[in-house]
Amino acid sequence: MVNLRLRPNKIVSLALMMAFAALMFGCNQSHPQSTFEALGPVAQSQLNLFWVIFAAGMLVFVLVEALLIYAVIKYRRRSDDEMPHQTHGNNTLEVTWTVIPTGLLVLVIIPTIFTIFDNTNSPLPPEEGGLVVDAVGHQWWFEFRYPHPQNAEEEIVFANELHVPVGEVINIRLSSVDVIHSFWVPKIGGKVDMVPGNDNTMWLQADTPGYYYAQCAEFCGVSHALMRFRVIAEPREDFDAWLLEQASPAFESQDPLIAAGKDVFQQAGCAGCHATDPDSKGRVGPNLTHLASRTTLAGGVFENRDEFDRVNSSIVQKNLREWLEDPDKAKPGNIMSRQAAVYTDPTKKLSEPDISALVAYLSNLK
Ligand SMILES: [Cu+2]
């Protein structure tokens, strides 16, 4: 038989090794989705609530463990022929262990209720002039719609990247076209469900300019873990400039390869699912009007930026080629490879020159 008993010094070195490993992970600089770095009022209130609940939990843990250890030692069996004193029913004890947890629950429930209402009720709702964005969940990408900067009747549609002016309240209307998704920007807040047929609202505010990772937080199918997006918080002027750019029509070019790519895009059925004008919403696939200006491709799966954090055209081209050659490899089960004829019907498969032309066309949609 294997001897599983460890000698005390082995236990100590094992414990030290585990503590060391835990510390090393804690020292990792890269924590793009850590909720412990709250950079906006919603995330901050959620973090505060976390600490209250954590403190209450710690109190229970320490108290119960201490009582347990005390009882184990104090009331232990001291010899083989001794039966320790047996207790059945003790009113004082029972009242005590009902009253203390009730008090602790009240301690947790009050700040929880306040936080829920604070997170739901926007301090600057749309009726009072607050900015409003529609976020629509699709398997497995996010569609965003803003009011047109010059014409409030119209909307501008884009995907997978949400720009917000720093320090301002953003009201978000959440919906879904298929299953339940959840909108979550760990450092800024959220984690509110996007429920088909039952729109939710929430608000956010980013206090620090920056580039934030975001993620669907409700299991929504095979590529759920690859359903990501980015939030870019920038000064008001930059945000306005970006919004105007998004509102402008797609780039047109006389370059023969780009023109050929545009033809393939029409003929291969891409245009049936993808719009290339800024105000076209509700298509099966993401709006591609300014695709090549985005920092990621395919719902955050491909990174389009170089080491200087700038969108790099040659990386965009490489990513587009990889995506178009085999979308299923990059994102298993995605709707494009399941439904587009060029992937489901072998006789319609994109040829190498088709892909090159498409890459030239799409990588110029800036
Ligand atoms: Cu999802």
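Just so you know, the residues in each chain are numbered from 1, in the order the chain's sequence is written. Predicted model: local features are reported for residues with pLDDT of at least 70 only, side-chain atom pairs are reported and counted for 80 or more only, and whole-chain, interface and lining totals are derived from all residues.

What to know about the domain arrangement of the chain
Many authors give the size of an interface as the accessible area that is lost as the parts come together. Domain assignment breaks the chain into domain 1 (126-240) and domain 2 (256-362). Residue ranges assigned to the domains are those given by an automatic or database domain assignment. For domain 1 versus domain 2, the separation of C-alpha centres amounts to 22 Å. Of all the secondary-structure elements, those providing two or more residues to the side of domain 1 that touches domain 2 are strand S2 (141-147), strand S3 (155-159) and strand S10 (228-234). The way it works is that DSSP assigns letters per residue, a run of H or I at least four long becomes a helix, a run of E at least two long becomes a strand, and they are numbered from the N terminus. Of all the elements, S3 adds the most residues to the side of domain 1 that touches domain 2, at five residues.

Some words on helix H11 (residues 352-362)
Put simply, a residue is buried when 20 or more other C-beta atoms lie within 10 Å of its own C-beta and exposed when 12 or fewer do; between those, it is partly exposed, and each C-beta is set from the backbone. Along H11, the positions that sit buried rather than exposed are Ala357, Leu358, Val359, Ala360, Tyr361 and Leu362. We call two residues in contact when their backbone-placed C-beta atoms lie within 7 Å. Of the surrounding secondary structure, the elements contacted by the buried residues of H11 are helix H5 (256-267) and helix H7 (313-325).

Examining the nonpolar core
As used throughout, a nonpolar core is a set of buried Ala, Val, Leu, Ile, Met, Phe, Trp, Tyr and Cys residues joined through C-beta atoms within 7 Å of each other. Judged by nonpolar contacts, the single largest core of 39 residues is most densely connected at Ala135, Ile172, Ile188, Leu204 and Val231. When near neighbours in sequence (up to four residues on either side) are disregarded, Leu204 contacts Gly40, Val42, Ile170, Ile172, Val185, Ile188, Gly189 and Gly190.

Quick look at the pairing of strand S4 (residues 161-165)
Summarising burial for S4: five of the five residues are buried, a large majority. Strand pairing is assigned whenever DSSP identifies at least 2 bridges connecting the two strands. Both S4 and S10 contribute to a ladder of five bridges, which runs parallel. Across the sheet, residue Pro165 finds its bridge partner in S10, namely Glu234.

Observations regarding the sheet that holds strand S6 (residues 181-185)
The five strands are arranged S4-S10-S9-S6-S7 in an open sheet whose pairing can be described as mixed. Two strands lie at the open edges of the sheet, namely S4 and strand S7 (189-194), each paired on one side alone. Here the strands of the sheet are splayed against their neighbours by 20 degrees on average, with no regard to which way each runs. Simply put, an axis is a line fit to the C-alpha atoms, just over the touching stretch for a helix, and the angle between two N-to-C directions goes from 0 to 180 degrees. Of the strands in this sheet, S4 and S10 touch helix H4 (residues 236-247), which is tilted by about 135 degrees from S4.

Quick look at the sheet that holds strand S5 (residues 170-176)
What the five strands build is an open sheet, ordered S3-S2-S1-S5-S8; its pairing is mixed. The sheet is open, and its two edges are formed by S3 and strand S8 (200-204), each paired on a single side. Averaged over all adjacent pairs, the angle separating strand axes in this sheet is 25 degrees, with direction ignored.

With respect to H5
The span you would expect from a helix comes to 1.5 Å times its residue count less one. Its twelve residues give H5 an end-to-end C-alpha distance of 16 Å, which sits within 8% of 16 Å, the value for a rise of 1.5 Å per residue. Residues of H5 that are buried include every one of Gly261, Lys262 and Val264, and no others. Projected down its long axis, H5 carries its buried residues within an arc of 160 degrees, all on one side. Residues of H5 that are exposed and point over 90 degrees away from its buried face: Pro256, Gln266 and Gln267. Contacts from the buried residues of H5 go to H11. Looking one or two places after H5, you find Gly269, whose phi comes out positive at around 85 degrees. As used here, the arc belongs to the directions running from the helix axis to the C-beta atoms.

Description of the environment of Ala56
Positionally, Ala56 belongs in helix H2 (residues 41-74). Here Ala56 is in contact with Leu104, Leu107 and Val108, once residues within four sequence places are set aside.

Observations concerning unusual backbone geometry
With an omega of 0 degrees, the peptide bond running from Gln139 to Trp140 counts as cis. Residue placement: Trp140 occurs in the loop between strand S1 (131-138) and S2. Of note in this structure, Lys191 is not a glycine but carries a positive phi near 65 degrees. Within the fold, Lys191 resides in strand S7. The residue Ala298 is not glycine, and still its phi comes out positive at about 60 degrees. By C-beta crowding, Ala298 is classed as buried, having 24 other C-beta atoms within 10 Å.

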